[in-house]
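If you want the building blocks of each chain, they are given just below.
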Amino acid sequence: MVMPADEDVDRLVAEEVARAAEQQSGVEMQPADPAVEKLVEDTVRLVSKNATSSSAQPESELLEGERRGWIIVLVSFLADALALGGRALFSVVMLYFEDEWGWSRGTAGGLMALLHVMQALATPISGHAADRLPAAVAVGGGIWFLALCFGLTALMQSAGSVWLIYGVLSGLAYGALNLNVFSAAIVRAMPPSRQGRALGIGTSGSTFGQLLLLPLFDHVCSTVGWRAGYGLLCGCAAILGMAAVRVLHEPPATASTAASDGLAMAAQTQEKVDDEEVDKAEAGAGAGAGAGAGAGAGTVSAVSASSEVAPPLGAKLRAIWGCRAYWLLSAAFICCGVTTTGSQR
């Protein structure tokens, strides 16, 4: 979190006071309570001190943070390769499904259509989770869910279980481990000057996964069977899931946390100022107390607005539904899917 400099804090406080004075225009201002003035000065001094300590982080800490960011890029690259590569394995395993359960090509295509529908339903939920949950939970949990689905796929013994495990559960797993989850983790971990390059490297794992996994999986299937192939994928995903949880775990609190605590204390202090000035206004202490109350309330509103949480999922979905750019982009992806997904005899 980037904290404002000393002059920025002073400027913000001055602006809030000026705004309150404008709202109370025409009313003669009375001197503020000396105790209240001292309380505000102490708060500004504390926030300024924390802002200075946050902006002056040692270079070693910055380098360590960037190194951790590139490790997260590597984990995202491997997870993307496993997720997108694993989904592309249907072109190999489809032939085994047809032979084992006597399916037609249309039935196999219906299974893949169900998988994509479930993935589409899970993707906005995973994006919402990436906004609300730590990266270790969003990415690590998605990898563990995919590992579970790989293991269950290796144990399928009936056509009905294929529809449930491969169609429904695996589709949800691919949606939970979609591109947006990796991108959110990478953006949070990398500085702005490195984000474009890091995103390009991390998201290229999808192509790498398809390039590597398809021939290897086909070789394993022809040698020891498709169930053994999915068992091997389950083990790889489980190992990657453990690594992801360890790497993506948030580091210990640093100076930025102390600065955040300073802002929280500032909010509490201004709330006290607000309460005291409102009491004075109710007691008829004068218009100056009312102006001070307005300044305190405005400052609290500014601090509270900076700490607002992400909007709920329903609001996001409604905004997406009415976004023209989203539908144009979706149409492009539909064309991509129609032209790249199919079956051959």
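In this report, we go over the structure that sits alongside the text. Worth saying up front: this structure is predicted, and the values here are computed from it rather than measured.

### Some words on the overall build of the chain
Across its full length, the chain holds 15 helices and zero strands. Long-range contacts, defined as pairs at least 24 residues apart, comprise 84% of the intrachain contacts of the chain with a sequence gap of at least 6.

### Things to note about the pattern of salt bridges
Within the structure shown, the criterion is met by two salt bridges. Residue R105 is joined to E98 by a salt bridge in which the shortest nitrogen-to-oxygen separation is 2.5 Å. Of the two residues, R105 and E98, neither departs from the other in class, the shared state being buried. A salt bridge links E100 to R227, with the nearest nitrogen and oxygen atoms 2.7 Å apart. Here E100, found in helix α4 (residues 90-101), pairs with R227, found in helix α11 (residues 226-248); they are 127 residues apart in sequence, far enough to count as distant. For R227, a relative accessible area of 24% corresponds to the partly exposed category.

### Focus: the side chain of D80
For D80, the location among the structural elements is in helix α3 (residues 59-88). Buried within the structure, D80 lacks any salt-bridge partner; its nearest side chain of opposite charge belongs to R87, at an N-O separation of 8.4 Å. Of the polar contacts made by the side chain of D80, one reaches the backbone nitrogen of S206; its length is 3.3 Å. Excluding residues within four positions of it along the chain, D80 makes contact with G85, L179, F182, G202, T203, G205 and S206.

### As for the packing of aromatic side chains
Counted under the stated rule, the structure contains 14 aromatic pairs. An angle of 40 degrees between the planes, with centres 5.9 Å apart, marks the rings of F90 and Y166 as tilted. Of this pair, F90 sits in helix α4 while Y166 sits in helix α7 (residues 159-176); the two residues are 76 residues apart in sequence, bridging distant segments of the chain. Comparing F90 with Y166, the two get one shared label, buried. Pairing W103 with W163 gives two aromatic rings, centres 5.7 Å apart and planes at 45 degrees, and the pair type is tilted. Here the residue W103 occupies a position in the loop between α4 and α5 (105-132), and W163 occupies one in helix α7, the gap between them amounting to 60 residues. Among the residues examined, W163 registers a relative accessible area of 30% and is labelled partly exposed. Through a chain of ring-to-ring contacts, the aromatic side chains of F90, F97, W101, W103, F150, W163, Y166, F217, W226 and Y230 assemble into a single cluster.

### Details of the environment of R227
Considering only alpha carbons, one finds R227 and A154, 73 residues apart in sequence, at a separation of 4.3 Å. When neighbours within four sequence positions are excluded, R227 is seen to be in contact with E100, W101, A154, M156 and Q157. Within the local environment of R227, its side chain forms a polar contact with the side chain of E100, the two groups lying 2.7 Å apart.

### Describing the side chain of S126
Assignment of secondary structure puts S126 in helix α5. Given the relative accessible area of 7%, S126 is considered buried. The contact partners of S126, leaving out residues within four places of it in the chain, are G175, A176, N178, N180 and V181.

### Comments concerning the nonpolar core
F97, Y166 and Y230 are the most contacted members of the largest nonpolar core, which totals 50 residues. For this core, the elements supplying multiple residues, two or more each, are α3, α4, α5, α6 (135-154), α7, α8 (179-189), α10 (205-224) and α11. If one sorts the elements of this core by residue count, α6 sits on top with ten residues. For F97, the residues in contact, after removing those within four places along its chain, are G102, W103, L111, M156, V162, Y166 and W226.

### Description of the packing of α4 against α7
Two elements in contact, α4 and α7, have axes separated by 11 Å at closest approach and are oriented at 155 degrees. Here α4 is positioned roughly antiparallel relative to α7, judged by the angle of their axes. Mapping the contact onto sequence places F90, V93, F97 and W101 in α4 and A159, V162 and Y166 in α7.

### Focus on empty space enclosed by the protein
Applying the stated criterion to the full structure yields one cavity of 30 Å³ or more. A volume near 30 Å³ is recorded for the largest cavity. A83, L84, R87, Q119, Y174, L177 and N178 are the residues that line the largest cavity. Element by element, the count of residues in the lining of the largest cavity is highest for α3, at three residues.

### Description of the environment of L233
Here L233 is to be found in helix α11. Residue class for L233 comes out buried when judged on its relative accessible area of 8%. Separated by 86 residues in sequence, L233 and A147 place their C-alpha atoms 7.3 Å apart. Those residues in contact with L233, other than ones at most four positions away along the chain, are L82, L89, F150, L213 and F217.

Cut-offs used in this document
Residues numbered from 1 in each chain as written. Predicted model: local features only at pLDDT ≥ 70, side-chain atom pairs only at ≥ 80, totals over all residues. Heavy atoms only, no water. Helix = DSSP H or I, 4+ residues; strand = E, 2+ residues; numbered from the N terminus. Contact = heavy atoms within 4.5 Å. Salt bridge = Lys/Arg side-chain N within 4 Å of Asp/Glu carboxyl O. Buried < 20%, exposed > 50% of the residue type's maximum accessible area, 1.4 Å probe, protein only. Lys, Arg positive; Asp, Glu negative; His and termini not counted. Polar contact = N/O pair within 3.5 Å; in protein donor to acceptor, adjacent residues only side chain to side chain. Phe/Tyr/Trp six-rings, centres within 6.5 Å; stacked < 30°, edge-to-face > 60°. Core = buried A, V, L, I, M, F, W, Y, C linked by side-chain atoms within 4.5 Å. Axes fitted to C-alpha atoms, helices over the stretch in contact; angles between N-to-C directions. Parallel < 35°, antiparallel > 145°, perpendicular 65-115°, else oblique. 1 Å grid on protein atoms, 1.4 Å probe; cavity = no way out; pocket = protein on both sides within 12 Å on 5 of 7 lines; lining within 4 Å. Points joined across faces, edges and corners; volume = space filled by probe spheres on them.

Interpretation in functional terms is not warranted from these geometric data alone.
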